[in-house]
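Here are the chains, one letter per residue:
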Amino acid sequence: MIYQRSSALFTEAQLYIPGGVNSPVRAFKAVGGTPIFVKEAKGAYLYDEDGNRLIDFIASWGPLILGHAFEPVIAAVIDKAKKGTSFGMPTEIETQLAKLALSMVPNMEKIRFVNSGTEACMSAVRLARGYTGKDKIIKFAGCYHGHSDSFLIQAGSGAVTFGTPNSPGVTQGTAKDTLLATYNDLENVKELVAANKDQIAAIIIEPITGNMGCIVPIKSFMTGLRKLCTEEGILLIFDEVMTGFRLAKGGAQEVLDIAADIVTYGKVIGGGLPVGAFAAKSEIMNHMAPDGPVYQAGTLSGNPLAMSAGLAMLTALNNAPEIFQSLEEKTAYLHQGMDEILNRHQITHQINRYGSMISVHFTEEPVIDFASSAKGNNDTFKKYFHGMLKKGVYLPPSAFESYFLNDALSYADLDDTLAALEAVAPRLK
């Protein structure tokens, strides 16, 4: 494939935008080469500025669960845009989307719309601190909750030390209130809680991860986490920005049968437009301004275009719950095919999958946390990524990202993807 125009556009973009991109993973730093500039997309396909068609396995990092340019979403946005794009005032459609979203998910009674997953997670932590009167939070290495200061923390030395900032601009004062735990390690979490008795407001977690690849929690880990939070008066926050309305109507709470105290949403709930949200029981949400003292605001929160897109998307999913089963079956088909090909070519690998999320790791040992995910062979991943790209398959340009399938993908598309892998696999040794 030829990427002359993408290359020229990237060169120009670097003159005006830091790194030439508005989100770092797009720059291809993890895989090398020049990022692809998209011109348009439809269904399961991306069409780049050089005229290449690519089978898409990121779906805008999750929200396009029914494919690109899904007609009901496009029609709803066009219709709403004709009536105005932003008011900074209440609209009926906000309540309509809130009622629908809350009817689909378990255990939640009120919801607040914001503009991104980052904003949702930031606001959820603020709410947890305001509700509990405690300052510290626990997050897990490898779980990404956006770029708010509280979340850009890496491990300190030892199990019970404070985290340290892993981005300039994050202060030590902020870092000291964030404790870092190991995913799927309940004893590690218990140590942190014991060492910071009655100081922890919340534990925030991706219940099924998408930012160190797709990693599924050990059942005893998640049930133990719920029990610990209940016993210690800690709020359990599920970051369902990726899993909400993708794995099931009720998201990870439903499929894992675990009730969270606060849940954050994004991605699917916006139908491809910038939307985030956080929800909880009324007792907790009533602490939010204007009813309570915990402040959060935004001129574009509840934007009518974003609300119309989200309402169209959730309506489609609510009316056709078989979509989740269809997506799961397609993902299982891809998993089986990839596993057979990589085994046949004797390529060391692990494949993790849950629902319509899947990731390939070039490592010998099971991938259950960030440390095991980081042991993957990145040189092999680079060959794999660029080999598949040359064959017309667009995968996440990072070994630490989950794939997100969309239901517009046909089995013919999946067979084409497997044929591409068959051609690429011999070069991965």
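For the structure itself, consult the block above.
The text that follows walks through the structure, step by step, so that each part is easy to find.

### Some points on the overall build of the chain
So, step 1. For the chain, the helix and strand inventory stands at 14 helices and 16 strands.
So, step 2. Counting only C-alpha atoms, the chain reaches 55 × 55 × 45 Å along its principal axes.
So, step 3. The buried share of the chain, reckoned over its 429 residues, is 55%.
So, step 4. Partitioning the contacts of the chain with sequence separation of at least 6, the portion at a separation of at least 24 is 72%.
So, step 5. With an accessible surface of roughly 17,900 Å², the chain has 52% of that area assigned to carbon and sulfur atoms.
So, step 6. Of the side-chain charges in the chain, 37 are positive and 44 negative, and the distance between the mean point of each set is 3 Å.

### Focus on the packing of aromatic side chains
So, step 1. Taken as a whole, this structure holds 10 aromatic pairs when the rule is applied.
So, step 2. Geometrically, the ring pair formed by Y333 and Y411 is edge-to-face, given 5.0 Å between the ring centres and 85 degrees between the ring planes. In this pair, Y333 sits in helix 11 (residues 322-344) while Y411 sits in helix 14 (residues 411-424), placing the two residues 78 residues apart along the sequence.
So, step 3. These aromatic residues form a ring-pair network of at least three members: F28, F385 and Y394.
So, step 4. One Lys or Arg, R53, reaches over the ring of Y45 and ends 4.0 Å from the middle of that ring.

### Topic: the nonpolar core
So, step 1. Core analysis: the biggest nonpolar cluster contains 112 residues, and L317 and Y384 have the highest contact counts within it.
So, step 2. Per-element accounting of this core gives the leading share, nine residues, to helix 10 (residues 304-319).
So, step 3. Grouped together as the second largest cluster of nonpolar side chains are 21 residues, I137, I237, V241 and M288 included.

### Here we look at the packing of helix 6 (residues 186-195) against helix 7 (residues 219-232)
So, step 1. Put simply, helix 6 and helix 7 touch, their axes get as near as 10 Å, and they point 15 degrees apart. Taken as axis vectors, helix 6 and helix 7 run roughly parallel relative to one another. Considering only the axes of helix 6 and helix 7, their crossing is right-handed. Contact residues: helix 6 offers L186, V189, K190 and V193, while helix 7 offers S220, F221, G224, L225, L228 and E232.
So, step 2. Of the residues in the contact of helix 6 with helix 7, the class split is six nonpolar, two polar and two charged.

### A closer look at helix 1 (residues 4-16)
Helical periodicity: at 3.6 residues per turn, an α-helix aligns residues three or four positions apart in one direction.
So, step 1. For helix 1, every residue scored as buried is listed here: S6, L9, F10 and A13. Buried residues in helix 1, looked at end-on, bunch into an arc of 105 degrees, giving them a common side. In helix 1, those exposed residues whose orientation departs by more than 90 degrees from the buried face are Q4 and L15.

### Some words on the sheet that holds strand 11 (residues 262-265)
Remark on secondary structure: sheet strands pair via backbone hydrogen bonds, oriented parallel or antiparallel.
So, step 1. Strand order in this open sheet of seven strands is 4-12-11-10-9-5-8, and the pairing throughout is mixed. Strands at the two margins of the open sheet, each flanked by one partner only, are strand 4 (110-114) and strand 8 (178-181). Between one strand axis and the next, the sheet turns by 20 degrees as a mean value, whatever way the strands run.
So, step 2. Inspection of the sheet shows strand 10 (residues 235-239) paired to strand 11 by three bridges, in the parallel sense.

### Comments concerning the sheet that holds strand 14 (residues 357-361)
So, step 1. Spatially, 13-14-16 is the arrangement adopted by the three strands of the open sheet, whose pairing is antiparallel. With one partner strand each, in any of the chains shown, strand 13 (350-354) and strand 16 (403-404) form the two edges of the open sheet.
So, step 2. Summarising the sheet, strand 13 and strand 14 pair through five bridges and their orientation is antiparallel. By the bridge assignment for strand 14, R353 is matched with I358.

### Regarding unusual backbone geometry
So, step 1. Between A289 and P290 the backbone carries a cis peptide bond, its omega angle lying at 15 degrees.
So, step 2. Its identity is not glycine, yet F28 carries a phi of approximately 65 degrees, on the positive side.
So, step 3. Within the element layout of this structure, F28 appears in the loop between helix 1 and strand 1 (38-42).
So, step 4. Residue A69 is not a glycine yet carries a positive backbone phi of 55 degrees.

### Here's the deal with the pairing of strand 5 (residues 136-140)
Consecutive side chains along a regular strand alternate between the two faces of the sheet.
So, step 1. Most of strand 5 sits out of view: five of its five residues are buried.
So, step 2. Here strand 5 shows no split at all, with K136, I138 and F140 on one side and I137 and K139 on the other all buried.
So, step 3. Looking at chain direction, strand 5 and strand 9 (residues 200-205) are connected through three bridges and run parallel. The residue of strand 9 that forms the bridge with I138 is I203.
So, step 4. Two strands pair when backbone bridges link them, and strand 5 and strand 8 are joined in this way by four bridges, in the parallel orientation. Opposite I138, over in strand 8, you have L179 as the bridge partner.

### A look at the layout of surface pockets
So, step 1. Taken as a whole, the second largest pocket spans an internal volume of roughly 710 Å³.
So, step 2. In terms of lining residues, the second largest pocket is bounded by 29 residues, among which E94, I111, R112, F113 and P290 are the most central.
So, step 3. Elements that contribute at least two residues to the lining of the second largest pocket include exactly helix 3 (92-104) and strand 4.
So, step 4. With four residues, strand 4 is the largest single contributor of residues to the lining of the second largest pocket.
So, step 5. In terms of residue class, the lining of the second largest pocket is built from 14 nonpolar, 11 polar and four charged.

### Quick look at the environment of F400
So, step 1. Positionally, F400 belongs in the loop between strand 15 (393-394) and strand 16.
So, step 2. With a relative accessible area of 29%, F400 lands in the partly exposed category.
So, step 3. Residues F400 and G210, spaced 190 residues apart in sequence, show a C-alpha to C-alpha distance of 7.8 Å.
So, step 4. In contact with F400, not counting residues within four places along its chain, are G210, N211, M212, G213, F370, S373 and A374.

Parameters at a glance
Residues numbered from 1 in each chain as written. Predicted model: local features only at pLDDT ≥ 70, side-chain atom pairs only at ≥ 80, totals over all residues. Heavy atoms only, no water. Helix = DSSP H or I, 4+ residues; strand = E, 2+ residues; numbered from the N terminus. Buried < 20%, exposed > 50% of the residue type's maximum accessible area, 1.4 Å probe, protein only. Contact = heavy atoms within 4.5 Å. Areas by Shrake-Rupley, 256 points an atom, 1.4 Å probe, with all protein chains shown as cover. Lys, Arg positive; Asp, Glu negative; His and termini not counted. Charge placed at Lys NZ, Arg CZ, Asp CG, Glu CD. Phe/Tyr/Trp six-rings, centres within 6.5 Å; stacked < 30°, edge-to-face > 60°. Lys NZ or Arg CZ within 6 Å of the ring centre and 35° of its normal. Core = buried A, V, L, I, M, F, W, Y, C linked by side-chain atoms within 4.5 Å. Axes fitted to C-alpha atoms, helices over the stretch in contact; angles between N-to-C directions. Parallel < 35°, antiparallel > 145°, perpendicular 65-115°, else oblique. Left-handed = near helix turned anticlockwise from the far one by under 90°. Nonpolar A, V, L, I, M, F, W, Y, C, P; charged D, E, K, R; others polar. Arc of directions from axis to C-beta. Pairing = 2+ DSSP bridges. 1 Å grid on protein atoms, 1.4 Å probe; cavity = no way out; pocket = protein on both sides within 12 Å on 5 of 7 lines; lining within 4 Å. Points joined across faces, edges and corners; volume = space filled by probe spheres on them.

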